[in-house]
Amino acid sequence: QVQLGESGGGLVQAGDSLRLSCAASGRTLSRNAMGWFRQAPGKERECVAAISGSGGTTYYSDSVKGRFTISRDNAKNTVYLQMNSLKPEDTAVYYCAADSYRNPLRVRWNRESYDYWGQGTQVTVSS
């Protein structure tokens, strides 16, 4: 079975940068779209970025567009989220997820499309 593990979260100040990593084990996910979701206290989980299996297509939510960059290294079975110019509003638990559909050219951003989830990593941005 597929297992996902996030790392790289922490406590930073507004304007700082972080890079989150998500390593997958169990099988290769090179054909699966991968996404980063976040959930703040009292709010629903939302997709902030997603990337197709090939890496050629990406999606970003309006709230992070221009500040966050998603990338992947299929040789390492790993996906990354580079977060720049962090704001207090970015504070949340960040989750890595894998789309269940194996189409290397396709990217989706709705929660229902993702079947495999990591445990999450906390990102806290102070003002």
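(A) Representation of the side chain of D99. Structurally, the position occupied by D99 is in strand β9 (residues 92-102). Here R108 takes part through its side chain, which lies 2.6 Å from a polar atom of the side chain of D99.

(B) View of the sheet that holds strand β8 (residues 78-83). Overall, antiparallel pairing links the four strands, which are arranged β1-β3-β8-β7 in an open sheet. Two strands bound the open sheet, and with one partner strand each, they are β1 (3-7) and β7 (68-73). Geometrically, the sheet is characterised by an average inter-axis angle of 15 degrees between neighbouring strands, direction not taken into account.

(C) Seen up close, the packing of aromatic side chains. Going through the model one piece at a time under the given rule, you end up with four aromatic pairs. Judged by centre distance (4.9 Å) and plane angle (15 degrees), the rings of Y59 and W109 are stacked. One end of the pair, Y59, is in strand β6 (residues 58-60); the other, W109, is in the loop between β9 and β10 (114-117), with 50 residues separating them in the sequence. Overall, the relative accessible area of 48% leaves W109 in the partly exposed class. Each member of the aromatic cluster is reached from another via a ring pair, and the members are F37, Y114 and W117.

(D) A look at the environment of D16. Secondary-structure assignment places D16 in the loop between β2 (10-13) and β3 (18-25). With relative accessibility at 33%, the residue D16 sits in the partly exposed group. Linking D16 and C96, residues 80 residues apart in sequence, is a C-alpha distance of 21 Å. For D16, the residues in contact, after removing those within four places along its chain, are M83, N84, S85 and L86.

(E) Spatial organisation of the state of the cysteines. This model, assessed by the stated rule, comprises one disulfide. Between C22 and C96 runs a disulfide, and the two sulfur atoms are separated by 2.0 Å. In this structure, the disulfide formed by C22 and C96 twists by about -80 degrees around the S-S bond and is classed as left-handed. Taken together, the positions of C22 in strand β3 and C96 in strand β9 put the pair 74 residues apart, joining distant regions of the chain. Assigned by exposure class, C22 and C96 land together as buried. C47 forms no disulfide, and the closest cysteine sulfur to it belongs to C96, at a distance of 11 Å.

Scoring rules and cut-offs
- Residues numbered from 1 in each chain as written.
- Predicted model: local features only at pLDDT ≥ 70, side-chain atom pairs only at ≥ 80, totals over all residues.
- Heavy atoms only, no water.
- Helix = DSSP H or I, 4+ residues; strand = E, 2+ residues; numbered from the N terminus.
- Polar contact = N/O pair within 3.5 Å; in protein donor to acceptor, adjacent residues only side chain to side chain.
- Pairing = 2+ DSSP bridges.
- Axes fitted to C-alpha atoms, helices over the stretch in contact; angles between N-to-C directions.
- Phe/Tyr/Trp six-rings, centres within 6.5 Å; stacked < 30°, edge-to-face > 60°.
- Buried < 20%, exposed > 50% of the residue type's maximum accessible area, 1.4 Å probe, protein only.
- Contact = heavy atoms within 4.5 Å.
- Disulfide = S-S within 2.5 Å.

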